[in-house]
Amino acid sequence: MSSSPASTPWRRSTRATRTCATAATSAASSGTDQPLRQGGRTVTTTLPSQPKRSIEHGKREGFASLSQGGLNFDSFPMRLFSKGNGRQWNPADIDFSQDAEDFANMTDDERWWTCALAAQFLAGEESVTQDLQPFVAAMAAEGRLADEMYLTQFVYEEAKHTMGFRRFFDAVGMTGDLHEFIEFNDGYMEIFTKQLPDSLYALANDPSPRNQIRASVTYNHIVEGTLALTGYFAWSKVCTGRGILPGIQKLIKHIGDDERRHMAWGTFTCRRHVAADDAMWEVVDERMQELMVPSMGVVTATFDKYEGQDPPFAVDVSEMAEYAMDKLGRRLGAIESARGANLLDIDVDASPELLEEKFHAEDQEQLLAAAS
Ligand SMILES: [Fe+2]
Ligand SMILES: [Fe+2]
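Computed from a prediction, not measured in an experiment: that's the story for all the values here.

Caption draft 1: Quick peek at the overall build of the protein. Within the protein one finds 14 helices and two strands. Carbon and sulfur atoms provide 52% of the accessible area of the protein, an area that totals close to 16700 Å².

Shown next as structure tokens:
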């Protein structure tokens, strides 16, 4: 794929650089005209300004939850947090016994393909469980308790995803070392042992908007939004079309539900930085270009083994790549639409969540068509 900016599929029309919505930022932090919830309705009142106290890890000067305004339950991260609290599930409840039978009945090629895909997910879920943790601290450093609270749930969910895939391997009897199923894939190793940890741990020393965008694009838009989402979709299609691996189908359904909130948070985070500083849009674009080649390599490497012959389960690599690019382009379009927007609007704007729900509805339609 060409890395030429003109041909990058996620690029939309470039707009002129605008003055940023910095007035909104100062209004939000000055303590004037704060919206308050009273008796189920929102009213605006004037409160005296208070000095902002640090909640940065290890440097606590006070408590965000005790500060003026407390927590805004209408804010985007708090809404995601509440939604996630209502959608708990336990990986230990998933029964993989039929999956073990289906796995035993596969051809050698199908078993290898299944192991390669599942191992990439297992290692990926472990990576994201660990590598999100600097982002949790970065939100505290920025004084964003609501985001920090949501990210603690986010990390917990990634840990559950790790547990789910490990239980699958144990159930099908693959208890030996599984590194061979990922180490042949250079793009995978580049993303998960270098690009992802490097961009996330950069936040530990410098949680600046630029580093947050680089981390979010890598984590939310490439690893989750491009690699994982495409893999889950391909796998759902295989499982649903063939009527196999019911445990994996159930696992993916739960994970997909969690991931929609994760990706929506990533889009929201990039949107608020792009709205605050228009130069941040270029950082989004720059990071996408850096990662496009290795991330496409992750998808294609698994298929290179079958060059000249049909891959197992007749999975179509170009269909997968097209699926990934379509979702990526539309999600980046949502980020670009935040240029010049008012930050107060961004904080309560549900559009990143609605976009993920729309993608889900489209996927369901395609899966139904594949099953019929
Ligand atoms: Fe996950
Ligand atoms: Fe995730």
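Text resumes after the structure shown.
Caption draft 2: Summary view of the nonpolar core. Judged by nonpolar contacts, the single largest core of 89 residues is most densely connected at Trp-113, Phe-135, Leu-151, Phe-165, Trp-235, Ile-248 and Trp-265. The element contributing the most residues to this core is helix 9 (residues 209-242), with 13 residues. Beyond its immediate sequence surroundings of up to four residues, Trp-235 is in contact with Trp-113, Thr-114, Leu-117, Ala-118, Phe-121, Phe-165, Leu-245, Ile-248 and Ile-252. With five residues, the next largest nonpolar core counts Phe-233, Met-263, Tyr-323 and Leu-367 among its residues.

Caption draft 3: Spatial organisation of unusual backbone geometry. Not every positive phi belongs to a glycine, and Leu-245 is a case in point at roughly 50°. Tracing the chain through its elements places Leu-245 in the loop between helix 9 and helix 10 (246-276).

Caption draft 4: Structural detail: the coordination of the iron ion (ligand 2). All of the protein donors around the iron ion (ligand 2) are Glu-158 (OE), Glu-224 (OE), Glu-259 (OE), Glu-259 (OE) and His-262 (ND1); their distances to the metal are 1.9 to 2.5 Å. If you list the donors of the iron ion (ligand 2) from N- to C-terminus, the spacing comes out as E-x65-E-x34-E-x2-H. The two metals, the iron ion (ligand 2) and the iron ion (ligand 1), are separated by 3.5 Å and share Glu-158 as a common coordinating residue. Placement of Glu-224 in helix 9 and of His-262 in helix 10 is noted, with a sequence separation of 38 residues between them.

Caption draft 5: Summary view of the packing of aromatic side chains. With the rule as written, the count across this model stands at 15 aromatic pairs. Taken together, a centroid distance of 5.9 Å and an interplanar angle of 70° make the contact between Phe-96 and Phe-168 edge-to-face. Placement of Phe-96 in the loop between helix 2 (76-85) and helix 3 (97-104) and of Phe-168 in helix 6 (residues 145-171) is noted, with a sequence separation of 72 residues between them. In terms of burial, Phe-96 and Phe-168 fall into one category: buried. Put simply, the rings of Phe-135, Tyr-150, Phe-154, Tyr-219 and Trp-265 touch in pairs and so form one group of aromatic residues. Across the ring face of Phe-103, the terminal group of Arg-111 is positioned such that the distance to the ring centre comes to 6.0 Å. Of note, Lys-327 hangs over the ring of Phe-359, and the distance from its end group to the ring centre comes to 5.3 Å.

Caption draft 6: Seen up close, the packing of helix 5 (residues 133-141) against helix 6. For the pair helix 5 and helix 6, the least separation of the axes is 8 Å and the interaxial angle reads 170°. The orientation of helix 5 with respect to helix 6, classified from their angle, is roughly antiparallel. The segment helix 5 lies against helix 6, with Gln-133, Phe-135, Val-136, Met-139 and Ala-140 engaging Asp-147, Glu-148, Leu-151, Thr-152 and Val-155. Considering only residue class, the contact of helix 5 with helix 6 consists of six nonpolar, two polar and two charged.

Caption draft 7: Structural context of the pattern of salt bridges. By the definition in use, this model includes 30 salt bridges. Between Asp-257 and Arg-261 there is a salt bridge, and its shortest N-O distance comes to 3.2 Å. Linking Asp-257 with Arg-261, this pair stays in helix 10, spanning four residues, or about one helical turn. The pair Asp-257 / Arg-261 is uniform in exposure class, with both members buried. With its nearest N and O atoms 2.6 Å apart, the salt bridge here joins Arg-287 to Glu-290. One end of the pair is Arg-287 and the other is Glu-290, both in helix 11 (residues 280-304) and three residues apart, which spans about a single turn.

Caption draft 8: Fine view of the coordination of the iron ion (ligand 1). Donor atoms from the polypeptide that bind the iron ion (ligand 1) are Glu-125 (OE), Glu-158 (OE), His-161 (ND1) and Glu-259 (OE), placed at 2.0 to 2.3 Å. Here the iron ion (ligand 1) binds four donor atoms, and the angle range of 90 to 158° at the metal identifies the geometry as irregular. Each donor residue of the iron ion (ligand 1) belongs to the same chain, with the gaps between them written as E-x32-E-x2-H-x97-E.

Caption draft 9: Here's a closer look at the packing of helix 6 against helix 9. Packing of helix 6 against helix 9 leaves a shortest axis separation of 16 Å and a crossing angle of 35°. You can see that helix 6 and helix 9 cross each other, and the crossing is left-handed. The segment helix 6 lies against helix 9, with Phe-154, Glu-158 and Phe-165 engaging Tyr-219, Asn-220, Glu-224, Tyr-232 and Trp-235. Each residue belonging to the contact of helix 6 with helix 9 can be placed in one class, and the counts come to five nonpolar, one polar and two charged.

Caption draft 10: Quick peek at the side chain of Glu-157. Inspection of the secondary structure puts Glu-157 in helix 6. Polar contacts involving the side chain of Glu-157 include one to the side chain of Arg-261, which spans 2.9 Å.

Caption draft 11: Examining helix 4 (residues 108-131) more closely. End to end, helix 4 covers 34 Å across 24 residues, agreeing with the expected 34 Å (1.5 Å per residue, within 8%). Counting buried positions along helix 4 gives 18 out of 24 residues, so the element sits mostly inside the fold.

Caption draft 12: Geometry of the confidence of the model for the protein. When pLDDT is averaged along the protein, the result is 86, and 85% of the positions lie at 70 or above. Note that residues 1-47 has pLDDT below 50 and, in this model, 74 contacts with residues that lie over four places away or in other chains.

Caption draft 13: The arrangement of the environment of Glu-353 in detail. Note on placement: Glu-353 falls in helix 14 (residues 351-371). Under the relative-accessibility criterion, Glu-353 is labelled buried at 13%. Along the sequence, Glu-353 and His-262 sit 91 residues apart, while their C-alpha atoms lie 9.4 Å from each other. If we ignore the near neighbours within four places in the chain, the residues touching Glu-353 are Phe-76, Arg-79, Leu-80, Lys-83 and Ala-264.

About the cut-offs
- Residues numbered from 1 in each chain as written.
- Chains lettered and ligands numbered in written order.
- Predicted model: local features only at pLDDT ≥ 70, side-chain atom pairs only at ≥ 80, totals over all residues.
- Heavy atoms only, no water.
- Helix = DSSP H or I, 4+ residues; strand = E, 2+ residues; numbered from the N terminus.
- Areas by Shrake-Rupley, 256 points an atom, 1.4 Å probe, with all protein chains shown as cover.
- Core = buried A, V, L, I, M, F, W, Y, C linked by side-chain atoms within 4.5 Å.
- Buried < 20%, exposed > 50% of the residue type's maximum accessible area, 1.4 Å probe, protein only.
- Contact = heavy atoms within 4.5 Å.
- Donors = N, O, S within 2.8 Å, 3.2 Å for Na, K, Ca; no water.
- Phe/Tyr/Trp six-rings, centres within 6.5 Å; stacked < 30°, edge-to-face > 60°.
- Lys NZ or Arg CZ within 6 Å of the ring centre and 35° of its normal.
- Axes fitted to C-alpha atoms, helices over the stretch in contact; angles between N-to-C directions.
- Parallel < 35°, antiparallel > 145°, perpendicular 65-115°, else oblique.
- Nonpolar A, V, L, I, M, F, W, Y, C, P; charged D, E, K, R; others polar.
- Salt bridge = Lys/Arg side-chain N within 4 Å of Asp/Glu carboxyl O.
- Tetrahedral: all angles 85-135°; square planar, octahedral: opposite > 155°, others 65-115°.
- Left-handed = near helix turned anticlockwise from the far one by under 90°.
- Polar contact = N/O pair within 3.5 Å; in protein donor to acceptor, adjacent residues only side chain to side chain.
- Expected span 1.5 Å × (residues − 1).
- pLDDT = per-residue confidence, 0-100.

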